[in-house]
Amino acid sequence: MVTIENFNFKGLRAIVRVDFNVPLDKKTFEVTDDTRIRGALPTINKILNDGGSCILMSHLGRPDGVPQEKYSLKHVIPVLSKHLGREVKFADDCVGESARQLASSLKPGEVLLLENVRFYLEEEGKPKLPEGVSDEEKKAAKDEMKKRQKEFTAKLASLADCYVNDAFGTAHRAHASTTLIAAHFPGKSMFGYLIEAELKAMDKVLHSPDHPFTAIMGGAKVSDKIMVIERMLEKVDNLIIGGGMTYTFIKAQGGKIGKSLCEEDKLDVALQILEKAKAKGVKVYLPVDAVNGDAFDANANTSVTKVNETPDGWMGLDIGPETVALFSGVIKNSKTILWNGPMGVFEFEKFARGTSAIAQAIAEATAAGAFSLVGGGDSVAAVNKNKLADKISYVSTGGGAMLEYIEGKELPGIKAIRG
Ligand code: AMP
């Protein structure tokens, strides 16, 4: 497999799939958080410094095949151009005549940004079907879309001499720009530095963790995390469970959960997880107390009770102080830490303390020598909010992609290059 470090881009046009799916101000369309743009810079700079040129492609939002101003990638040009210290050319259609002309006249050291690839349904390869179409019509539409997706991919590929994928956040999607295009560049497809770093961090946690290894799983639902939890039981010494999914476990064990979030159809699954953990010698830590709210509201009244004694009419919305102390102790004694999912409704200030405290404990463990990997939009937001990003060993850029990789699934965008 070729690596970006060893590849010489001199005189070549590289088409690079980046993740410029950045938040924009609703009125001015200015980039409000440029983390993802900064994440792509090492790869772009390596290509340019070698004497190559870059054709950058990305999606932005979910335009579903309909070009719209609010999803135009032209809005990232000022920030990108400032970071690169050079002009960025723009093709207002990723596969049309302007893209072809601009790409073919691109000189070494130049950067061309293509318009949003999701302005074409072909990028994702999913046809838009009206209600009530027959199965036959559905199949015909899918076949037709597959054909069009192939042509679309070939047009993108025709712009360049080699392909670099540096968009980890979409690596679990088999789209034209993330996966299919790689086949057009045998021996000349490679990961960018960002994806390489993501893979290195995840492989460290999966294949050579120092012990004790602690996984912290939070978020709303057990059902979203079952696969990861099961895989983690094979690897970890400690499993910490927090967030909304707590209450499915507490109810399954006969606790009183009031109006707390609960997946009634997953009570068995919760008990099975606990049994499996016991059989494998994994210590499971569930919250012991909780901060409750009398409504799902930022201004709700709050009370602190034992986690299995939630009063009627109340719901558990954050872990309580005893739990923070318990979890922090386990985290600080760990040598490898994986965190996905908030401990409470951290979007509401009154219920954000538990999540912040866990982020803080992970940062302290890291300072004491642990390796920590944090992924998932909410956990990453909590880390950033507490200004702890540089105190975590690796903050992943892809929540869904990270979970799928850790579950053991093959990510199409990774497989397309690794084989
Ligand atoms: P997920 O996408 O599954 O990681 O879930 C994240 C969401 O879970 C966040 O929006 C949190 O507000 C929510 N959440 C965390 N704890 C709770 C809780 N105790 N009750 C309800 N929602 C929660």
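The shown structure was predicted, so the numbers you read here are calculated from the model rather than taken from an experiment. Note on numbering: residues in each chain are counted from 1, in written sequence order. With pLDDT at 70 or above as the cut-off, local features in this predicted model cover only qualifying residues; side-chain atom pairs require 80 or more to be listed or tallied, and sums for whole chains, interfaces and linings still use all residues. Side-chain metrics in this entry use all non-hydrogen atoms of the structure; hydrogen atoms and water are not considered.

Details of helix α9 (residues 321–332)
- For α9, with 12 residues, the first-to-last C-alpha span of 16 Å sits near the 16 Å given by 1.5 Å per residue.
- Throughout, exposure labels follow a simple rule: accessible area from a 1.4 Å probe, protein chains only, divided by the maximum for the residue type, with under 20% read as buried, over 50% as exposed, and the rest as partly exposed. Here a helix means four or more residues in a row that DSSP labels H or I, a strand means two or more in a row labelled E, and each is numbered from the N terminus. Of all the positions in α9, only Thr-323, Val-324, Phe-327, Ser-328, Val-330 and Ile-331 are classed as buried. Relative to the axis of α9, the buried residues are bounded by an arc of 160° and lie together on one face. In α9, those exposed residues whose orientation departs by more than 90 degrees from the buried face are Pro-321, Glu-322 and Ala-325. The span one expects for a helix is its residue count, reduced by one, times 1.5 Å. The reported arc concerns the directions from the helix axis to the C-beta atoms and nothing else.

As for the sheet that holds strand β10 (residues 289–293)
- The three strands lie next to each other as β11-β10-β12, forming an open sheet whose pairing is antiparallel. The sheet is open, and its two edges are formed by β11 (302–306) and β12 (315–319), each paired on a single side. Along the sheet, successive strands turn relative to each other by an average axial angle of 40°, direction set aside.
- Criterion used throughout: strands pair if DSSP finds at least two bridges between them. Direction of pairing for β10 relative to β11: antiparallel, over a ladder of five bridges. Looking at β11, one finds that Asp-289 is bridged to Lys-306. What counts as an axis is a line fitted to C-alpha atoms, over the stretch in contact for a helix, and the angles between N-to-C directions run from 0 to 180 degrees.

So, the packing of aromatic side chains
- The rule is short: rings of Phe, Tyr and Trp, with Trp giving its six-membered ring, pair when the centres are within 6.5 Å, and they are stacked under 30 degrees, edge-to-face over 60, tilted in between. For the coordinates displayed, the defined rule picks out three aromatic pairs.
- Over the ring of Phe-371 we find Lys-204, and its NZ or CZ is 5.7 Å from the ring centre. Geometrically, a lysine NZ or arginine CZ counts as sitting over a ring once it is within 6 Å of the ring centre and also within 35 degrees of the ring normal.

Section: the layout of surface pockets
- Taken as a whole, the largest pocket encloses approximately 1,400 Å³ of empty space.
- Contributing elements (two or more residues each) for the lining of the largest pocket: α1 (35–50), α5 (193–207), α11 (377–385), β15 (394–395) and α12 (399–407).
- The element contributing the most residues to the lining of the largest pocket is α1, with five residues.
- Using a grid of 1 Å spacing that covers the protein atoms alone, one calls a set of points a cavity when a 1.4 Å probe fits there but cannot get out, and a pocket when the set is open and has protein on both sides within 12 Å along at least five of seven lines; lining residues are those with an atom within 4 Å of a point. Grid points are joined across faces, edges and corners, and a volume is the space filled by probe spheres set on the points. Taken as a whole, the second largest pocket encloses approximately 480 Å³ of empty space.
- Lining the second largest pocket are 34 residues, with Gly-219, Ala-220, Gly-244, Leu-261 and Pro-342 sitting closest to its centre.
- Under this grouping Gly is polar, as are all residues other than the nonpolar Ala, Val, Leu, Ile, Met, Phe, Trp, Tyr, Cys and Pro and the charged Asp, Glu, Lys and Arg. Across the lining of the second largest pocket, the residue classes tally to 13 nonpolar, 13 polar and eight charged.

So, the domain arrangement of the chain
- Split into domains, the chain comes out as domain 1 (13–195) and domain 2 (209–405).
- Each domain span listed reflects an automatic or database assignment of domains. Once you take the C-alpha centre of each, domain 1 and domain 2 turn out to be 35 Å apart.
- Working rule for contacts: check all heavy atoms of both residues, and any pair within 4.5 Å makes them a contact. In this assembly, five residues from domain 1 lie in contact with eight residues from domain 2.
- Buried area, as used here, totals the accessible surface that two parts lose on assembly, with accessibility defined by a 1.4 Å probe and the loss added over both. Roughly 590 Å² is buried in total at the junction of domain 1 and domain 2, and carbon and sulfur atoms are behind 59% of that figure.
- If you sort the residues of domain 1 by the area they bury against domain 2, Phe-168, His-172 and Leu-194 come out on top, with a joint share of 75%.
- Any pair of nitrogen or oxygen atoms within 3.5 Å is treated as a polar contact; in protein, a donor-acceptor pairing is required on top of that, and neighbouring residues in sequence qualify only through side-chain atoms on both sides. Joining domain 1 to domain 2, the criterion identifies zero residue pairs in polar contact (both at pLDDT 80 or more).

A closer look at the side chain of Glu-407
- Looking at where Glu-407 falls in the secondary structure, it is placed in helix α12.
- On the basis of relative accessibility, which here comes to 15%, the residue Glu-407 falls in the buried class.
- In terms of polar contacts, Glu-407 uses its side chain to reach the side chain of Lys-409, at 3.1 Å.
- If we skip the residues at most four places from it in the chain, Glu-407 touches Met-227, Val-228 and Arg-231.

Re the site of the ligand
- Within the structure, the ligand sits among 14 residues, and Ala-220, Gly-244, Gly-316, Glu-347 and Asp-378 are positioned closest to it.
- Between the ligand and Ala-220 there is a distance of 3.0 Å, counted from an oxygen atom to a backbone nitrogen or oxygen.
- In the complex, 79% of the free accessible area of the ligand, which totals 500 Å², lies under the protein chains.
- Molecule-in-pocket calls rest on the fraction of atoms, with more than half required to lie within 2 Å of the cavity or pocket grid points. When atom positions are compared with the pocket grids, the ligand is found to occupy the second largest pocket.
- At the level of secondary structure, the elements contributing two or more residues to the shell around the ligand comprise α6 (222–233) and β12.
- Here the residues of the shell around the ligand are counted per class, giving five nonpolar, five polar and four charged. A molecule or strand has a residue near it when one of that residue's heavy atoms lies within 4 Å. Here the accessible surface of atoms and residues is derived via Shrake-Rupley with a 1.4 Å probe, and residues count as covered only by protein chains that are part of the display.

Thoughts on helix α8 (residues 267–280)
- The terminal C-alpha atoms of α8 lie 20 Å apart, and with 14 residues this matches the ideal 20 Å at 1.5 Å per residue to within 8%.
- All of the buried residues in α8 are Leu-267, Val-269, Ala-270, Ile-273, Leu-274 and Ala-277.
- Turning to α8, the residues buried within the fold contact α6, α7 (246–252) and β9 (283–285).
- Immediately beyond the C-terminal end of α8, within one or two residues, lies Gly-281, with a positive phi of roughly 75°.

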